[in-house]
Amino acid sequence: MSAERPTLPPVRLHTEAELARDALAAPLLARAVRLARWAGPETRVGAGGELVEAQLPAAAEHLGLAADEEGAAEASEAWRLAVDTGLVDVEDPDEDAGPDAEGTATAGENLALITGGSPRDVLSIWLDGLEAAYADATAPVFDDLADLVSEDGSVDFDALDWDPEAEAEFLDGVLGNLYLLTVGDGAGDGGVRTPPVPLPALAASVIVPDDMGEPTDDILEEVSEAMMRLDDQFRVLEPIGIVEYQPVDEALLVEESEDADPQADDEDVTRYGMVKLTPLGLYGIRARMLEAGVDAPAVGDLVDKGADVLLGGIAHYPEAAARAESELWLARRGADGAAAELLAAARGMDQEAPLRRLHCQQALSLVGAEAEPAVRAVLDDPELGGLARVWLVELGAADVPAPPEPMIFWLAVDTIAAQLEAEGDLEELQGLVESLADRHSGFFGEVWRVEHPATADVLDAMGQLHSDKKKAKEARKAAFKARSRAGA
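Heads up: these notes are all about the structure in this document. (Residues numbered from 1 in each chain as written. Predicted model: local features only at pLDDT ≥ 70, side-chain atom pairs only at ≥ 80, totals over all residues. Heavy atoms only, no water.)

## What about unusual backbone geometry?
With a phi close to 60°, Asp 399 is a non-glycine residue in the positive phi region. Here Asp 399 lies in the loop between helix H17 (385-395) and helix H18 (405-422). (Helix = DSSP H or I, 4+ residues; strand = E, 2+ residues; numbered from the N terminus.)

## A few points about the sheet that holds strand E5 (residues 243-246)
The strand order E4-E6-E5 describes an open sheet built from three strands, whose pairing is antiparallel. Two strands lie at the open edges of the sheet, namely strand E4 (197-198) and E5, each paired on one side alone. Across four bridges, the pairing between E5 and strand E6 (residues 274-277) is antiparallel. Directly across from Val 243, in E6, lies its bridge partner Leu 277. Lying on the sheet, helix H10 (residues 217-237) is in contact with E5 and E6; it crosses E5 at an angle near 130°. (Pairing = 2+ DSSP bridges. Contact = heavy atoms within 4.5 Å. Axes fitted to C-alpha atoms, helices over the stretch in contact; angles between N-to-C directions.)

## Remarks on the sheet that holds strand E3 (residues 103-107)
Strand pairing in a sheet takes place through backbone hydrogen bonds and is either antiparallel or parallel in direction. Taken in spatial order, the three strands make up an open sheet running E1-E3-E2, and their pairing is antiparallel. Edge strands, defined here as strands with exactly one partner in the open sheet, are strand E1 (44-45) and strand E2 (88-91). Taken together, the four bridges between E2 and E3 define a ladder with antiparallel strand orientation. Residue pairing for E3: Val 88 is matched across the bridge by Ala 107.

## Some remarks on the packing of helix H15 (residues 353-367) against H18
In contact at an axis separation of 8 Å, H15 and H18 are set at 95° when each is read in the N-to-C sense. On the basis of their axis angle, the class for H15 and H18 is roughly perpendicular. Of H18, the residues touching H15 (which contributes Pro 354, Leu 355, Arg 357 and Leu 358) are Trp 410, Asp 414, Ala 417, Ala 418, Gln 419, Glu 421 and Ala 422. Broken down by class, the residue content of the contact of H15 with H18 amounts to seven nonpolar, one polar and three charged. (Parallel < 35°, antiparallel > 145°, perpendicular 65-115°, else oblique. Nonpolar A, V, L, I, M, F, W, Y, C, P; charged D, E, K, R; others polar.)

## Brief notes about the packing of helix H8 (residues 164-183) against helix H11 (residues 279-291)
Direction vectors running N to C along H8 and H11 enclose 125°, while the axes themselves pass 10 Å from each other. Here H8 lies oblique to H11, going by the angle between them. Crossing angle aside, the handedness with which H8 passes H11 is left-handed. Counting all contacts with H8, which are made through Asp 172, Leu 175, Gly 176, Tyr 179, Thr 182 and Val 183, the residues of H11 involved are Leu 282, Ile 285, Arg 286, Arg 288 and Met 289. (Left-handed = near helix turned anticlockwise from the far one by under 90°.)

## Quick look at a positive patch on the surface
Judged by side-chain charge, Lys 473, Arg 476, Lys 477 and Lys 481 come together as a positively charged surface patch. In this fold, Lys 477 is placed in helix H22 (residues 469-487). (Patch = residues over 30% accessible without salt bridge, like charges linked within 9 Å, V, L, I, M, F, W, Y side chains within 5 Å. Areas by Shrake-Rupley, 256 points an atom, 1.4 Å probe, with all protein chains shown as cover. Salt bridge = Lys/Arg side-chain N within 4 Å of Asp/Glu carboxyl O. Lys, Arg positive; Asp, Glu negative; His and termini not counted. Charge placed at Lys NZ, Arg CZ, Asp CG, Glu CD.)

Right, dumping it as structure tokens:
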């Protein structure tokens, strides 16, 4: 049994208002906004829209940066982001004015959205900034670009020994693994309390094959090289706000290579770099994944959908994430109407139906006593009657009618089928199997007659899971009878 599962666990994102505040506080975007407001008729730009060198000291001073080469570089980086995100519009110099002609800059349309737009407007601008920072992080490092430009004006990438697609794929893989580690069970706090990940472990996650035991020397060397690439890339990405990063200790770069082995000094692993995604980083990386067609769900995606979509969508969510999604969904609806809608959506004899019924029962527990009228209305339903009785008993309701024997067996099959579909804890499933089989005398002599599409598969599983060899054999015989009956 296997329903279609999301590629990644669902993430619990912060609200758009909270994320927009984080975006505006990101150092690089904050500097870009300040420079966009600083720019005016006297601002001079080059042919590529960059601030001319003579303007950089004033820009750095306006940003409160040091009056040195590093300050000028940071001011230039902030200006480029202002241009890339539409905070500044640049008018290129007239081509007929000569090679040294300068263009002008004016406030861009997006600058007004920073203070007057919605949180979503701000996040849209920030996402453009993330793409620009990502491009910088995956760009090659070179001393003189002029030496790499061909006669036709294109860059000779072969001379760089740089594959832009491979470089982007590498960083995507690293950030994808970091995202997965941060998301966890899908019920977290948007990454706030997620511990940072050591850079060696993150590099190894995309270098070391899953089936490799002890890494070879060549693999360890690849991990070390990947670490240094990531160190450069995370230094570029941190100012846009997607990661908190503790860089590699520069003292390691001058130590002996055998002492700098990232696998050798577990007690001092923080010296090799530590990184974690911020709540804004979770949002940004998920947005990039969705753009690339990756199934990256978020808690709250189903809040406006019907009960059928809800129960199908949370079918393979971790328990805490399924609960959170159900709580949000129920908050939009009246309790009694929601209960009736959930029960209607839980019907069916398809492969995923048992798991829908399981999640329906769990969602109804969040409604409480207000769902009782809707639940009592399905007591005679052959598919929902057993579920309804269990729910009413757990609620402590009075006058719960005893189920007819066929309903008991049908519910047993349906319950185990749901657990098999969920692929949950094996020990818990074994306990459930043995409890159901031991609770009813002659269980396997009767259960094979149950007209449930999963009967034979459930009995096969019971035969594999039951610790009592005699009863396991009875289960396998019952599975054979169920298949013979179905084929008759």
